[in-house]
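# Examination of the molecular architecture
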Amino acid sequence: MADWPYNTARWQRLRTAKLNAEPFCEGCAAMGNPHVIANTVDHRTPIRDGGPAFPGLDGLASYCPSCHGAKTARGSEAGAVKSSKPRRGCDADGNPLDPAHPWREKSLRAGSIRPTPVPKNQLVSESNRNG
């Protein structure tokens, strides 16, 4: 964290303001655990992707270390070590947290998937069985 802009007083003030405004982890809240304290502030749009170094509070996210690591490992800021695995975990409704999770391609709503028809049992007569 020693690199610009994180080593500036301006970033420290912005980080403190964000954690004061949103002290709980956004990632954990999405999983249905809204009371995990955040201690990391992250750019919603990474600086290397054209995001501002000092955005408004809405351009920042509050995370716990675990959620920040999961987000960073799948974003453009991960570089060559970027993970292609979907993020584990689900929200309070049981939907995957990762918007690119393969499960999201399937729709499990009632009526959208038809059950496989089960063949009806047929009675076999003795003559057919021996024949």
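The coordinates are above.
Here we summarise the structure given alongside this text. (Residues numbered from 1 in each chain as written. Predicted model: local features only at pLDDT ≥ 70, side-chain atom pairs only at ≥ 80, totals over all residues. Heavy atoms only, no water.)

### Brief notes about the overall build of the chain
- What the chain contains, in helices and strands, is four helices and two strands.
- Split into buried and exposed, the 131 residues of the chain put 24% on the buried side.
- Once local pairs closer than 6 in sequence are excluded, the contacts in the chain between residues at least 24 apart make up 49%.
- As displayed, the chain offers around 9500 Å² of accessible surface, 54% of which is attributable to carbon and sulfur atoms. (Helix = DSSP H or I, 4+ residues; strand = E, 2+ residues; numbered from the N terminus. Buried < 20%, exposed > 50% of the residue type's maximum accessible area, 1.4 Å probe, protein only. Contact = heavy atoms within 4.5 Å. Areas by Shrake-Rupley, 256 points an atom, 1.4 Å probe, with all protein chains shown as cover.)

### What about the packing of aromatic side chains?
- As enumerated under the stated definition, the model contains two aromatic pairs in all.
- An angle of 90 degrees between the planes, with centres 5.9 Å apart, marks the rings of W4 and F54 as edge-to-face. One end of the pair, W4, is in the segment before helix 1 (9–21); the other, F54, is in the loop between strand 1 (40–43) and strand 2 (60–63), and 50 residues separate them in sequence. (Phe/Tyr/Trp six-rings, centres within 6.5 Å; stacked < 30°, edge-to-face > 60°.)

### Looking at the environment of H68
- By the secondary structure assignment, H68 is in helix 3 (residues 65–74).
- Overall, the relative accessible area of 21% leaves H68 in the partly exposed class.
- Taking C-alpha positions, H68 is 9.7 Å from N39, a pair spaced 29 residues apart along the chain.
- Ignoring sequence-local partners within four residues, the contact set of H68 consists of T40, D42 and Y63.

### Focus on the side chain of T40
- Looking at the secondary structure, you find T40 in strand 1.
- Owing to a relative accessible area of 17%, T40 belongs among the buried residues under this scheme.
- Within the structure, the side chain of T40 is placed 3.0 Å from the side chain of N39, a separation counted as a polar contact.
- Each residue touching T40, except ones within four places of it in the same chain, is listed here: L19, A61, S62, Y63, C64, P65 and H68. (Polar contact = N/O pair within 3.5 Å; in protein donor to acceptor, adjacent residues only side chain to side chain.)

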